[in-house]
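Structural features, examined
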Amino acid sequence: MTAPAPTVPTPPGPLILVIVGGSIAAVKAPSVLRRLRERGAQVRVIATDAALAFVTELSLATAAAHEVATDTTWFSPRPDAQHLTLARADAVVVVGASADLLARAAGGHASDLASATLLSVRAPVLWVPAMNEKMWTHPAVQANAETLRGWGHRFLGPEVGAFGTAGEGSGLGRMAEPEEIAAAVLALLTPPVPQDLAGLHVVVSAGPTREYLDPVRFISNPSSGKMGFAVAEEARDRGARVTLVTGPVTLPDPPGVTVSRIETALELRDAVLNAAQDAQIVVMTAAVADYRAAEAATEKQAKVAGDVTVTLTPNPDILAELGREKGERVLVGFAMETHAGVERAAAKAGRKNADFILLNYPTREGTAFGGDDNEVTLVRPDGSHEAWPRLSKREVARRLLDEARRVRGTAR
Ligand code: CTP
């Protein structure tokens, strides 16, 4: 009998306290809690009495997988001082932050659980206000926000957009989206990323292309776009202006990145060549279909008896096209090989005039198509190469951009 494999305990994620204020935007709080948990955080939640007029305690507790702290629980007999226990979080985010809650916090009030906890917190605090434009821009509210900023509190939004108050239409005041809120509060806990790509324009292509045979049928491939999105996000976080040209994928637009969604290789070509004009780094992760239908039918084709022959014509090679007018740009390609990988990738880099190619292997489990990890070999046109271990796609993106900086001769 074999001994059971030892279990490696996973370290608990950061503890995030979500304070929900009395705004219509409180209805987004359960999504924020879910997003935080998906990102590995542990969550606790305080709902003010006003918040509970907009969102139920049950939906907050379900999303948090934890009981909700309220003024009722605070005032009920319990062994701990609940505001002090909750204040031990690693970071605090106030969603649906109302003018009143801002005023109570800026005024140092402690008459309700949310305010008393905010007085006791020494961890970073992120306010995500949601209120009508007239209220947000009032000098009283702005002065309170300024007081809180002076204590090191951060703010996200409010954004311009449809606001939930009846009859008020759109305008400043909409709360930021849950995904962005979760990312922003967790970012408070990570050390600042060096802004070593500031001032550069980085263009990234991602995902598959679709080559239509008729209006409802196409040739494509299972590229998920994850590698390209990781490069775009990493470049953005390091200060670059980023354009991401992507084929059809299910990933949402990364905040702070200019996203162009295309379908065909010809559309990809136009968008990439256009964006690349003033780019310093172009990374082609897109799995471009090598061929398209020579003549795509404009009407849906009915089935016929027997075999059908489709004539395919080659698509333009975008990386090679960029390579022909390379200038000062750093060009990075990807390649998939099943055999003689390094030699074939080096020849490909030389042929397309790419500075380097990241070679991956479609047959390795959990990597390449659809996976969160990638195991690549960096291959230069002269055949020199480095095999990287299996890494997250984000880490591959980090190393890729380090190498691009080295090629530019700007790495310190
Ligand atoms: N590429 C491109 N335009 C194409 C095809 C590919 O820009 N029409 C880019 C891809 O984005 C990738 C690299 O070129 O960066 C891959 O080259 P490719 O020749 O397609 O390599 P493989 O996919 O490995 O295929 P093959 O070996 O069949 O050429």
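It should be emphasised that the depicted structure is a prediction, and the values quoted were computed from it without experimental measurement.

Turning next to the UniProt feature "binding site: CTP" (unreviewed entry) in the chain. If you check UniProt for "binding site: CTP" (unreviewed entry), the listed places come out as D290, K300, P316, D317, I318, L319, F334, K348 and K352 in our numbering. For the residues just named, distributed over 63 residues, the greatest C-alpha separation reaches 37.3 Å, placing them at more than one site. With respect to the helices and strands, the residue D290 is situated in the loop between β14 (281–284) and β15 (291–293). Here D290 falls in the exposed class, since its relative accessible area comes to 57%. Among all residues touching D290, those that are not within four sequence positions of it are T313, P314 and N315. The residue K300 is located in the loop between β15 and β16 (312–314) in this model. Setting aside anything within four residues of it in sequence, one finds K300 in contact with D214, P215, V216 and R217.

Annotation of the chain at the domain level lists domain 1 (15–187) and domain 2 (201–291 + 311–411). Measuring from the centre of the C-alpha atoms in domain 1 to the corresponding centre in domain 2 gives 40 Å.

Interhelical geometry of helix α5 (residues 99–106) versus helix α8 (residues 139–150) gives an angle of 50 degrees and a closest axis separation of 9 Å. As far as their axial angle goes, α8 and α5 are oblique. As α5 runs across α8, the sense of the crossing is left-handed. Judged by residue contacts, A99, L102, A103, A105 and A106 of α5 engage V141, N144, T147 and L148 from α8. For the contact of α5 with α8, the per-class residue count stands at seven nonpolar, two polar and no charged.

On to the sheet that holds strand β2 (residues 42–47), then. With parallel pairing, the six strands of this open sheet are ordered in space as β3-β2-β1-β4-β5-β6. The strands lining the two open edges of the sheet, one partner per strand, are β3 (68–69) and β6 (154–155). Sheet analysis places strand β5 (residues 125–129) next to β6, joined by two bridges and oriented parallel. Along β6, the bridge assignment pairs L126 with R154.

Close approach of charged atoms allows side chains of opposite charge to pair. As enumerated under the stated definition, the model contains 34 salt bridges in all. D214 is the partner of R217 in a salt bridge, and the nearest nitrogen-oxygen pair spans 2.5 Å. With a relative accessible area of 3%, D214 lands in the buried category. D237 serves as the salt-bridge partner of R394, at 2.6 Å between the closest nitrogen and oxygen. With a gap of 157 residues between them, R394 in helix α14 (residues 393–408) and D237 in helix α10 (residues 226–237) connect regions that are remote in the sequence. Overall, the relative accessible area of 27% leaves D237 in the partly exposed class. Shared partners join several salt bridges into a network, and the residues in it are D196, E233, E234, R236, D237, R238, R394, E395, R398, R399, D402 and R405.

Criteria and cut-off values
Residues numbered from 1 in each chain as written. Predicted model: local features only at pLDDT ≥ 70, side-chain atom pairs only at ≥ 80, totals over all residues. Heavy atoms only, no water. UniProt positions renumbered as here; feature names shortened; annotations may be inferred. Helix = DSSP H or I, 4+ residues; strand = E, 2+ residues; numbered from the N terminus. Buried < 20%, exposed > 50% of the residue type's maximum accessible area, 1.4 Å probe, protein only. Contact = heavy atoms within 4.5 Å. Domains from an automatic or database assignment. Axes fitted to C-alpha atoms, helices over the stretch in contact; angles between N-to-C directions. Parallel < 35°, antiparallel > 145°, perpendicular 65-115°, else oblique. Left-handed = near helix turned anticlockwise from the far one by under 90°. Nonpolar A, V, L, I, M, F, W, Y, C, P; charged D, E, K, R; others polar. Pairing = 2+ DSSP bridges. Salt bridge = Lys/Arg side-chain N within 4 Å of Asp/Glu carboxyl O.

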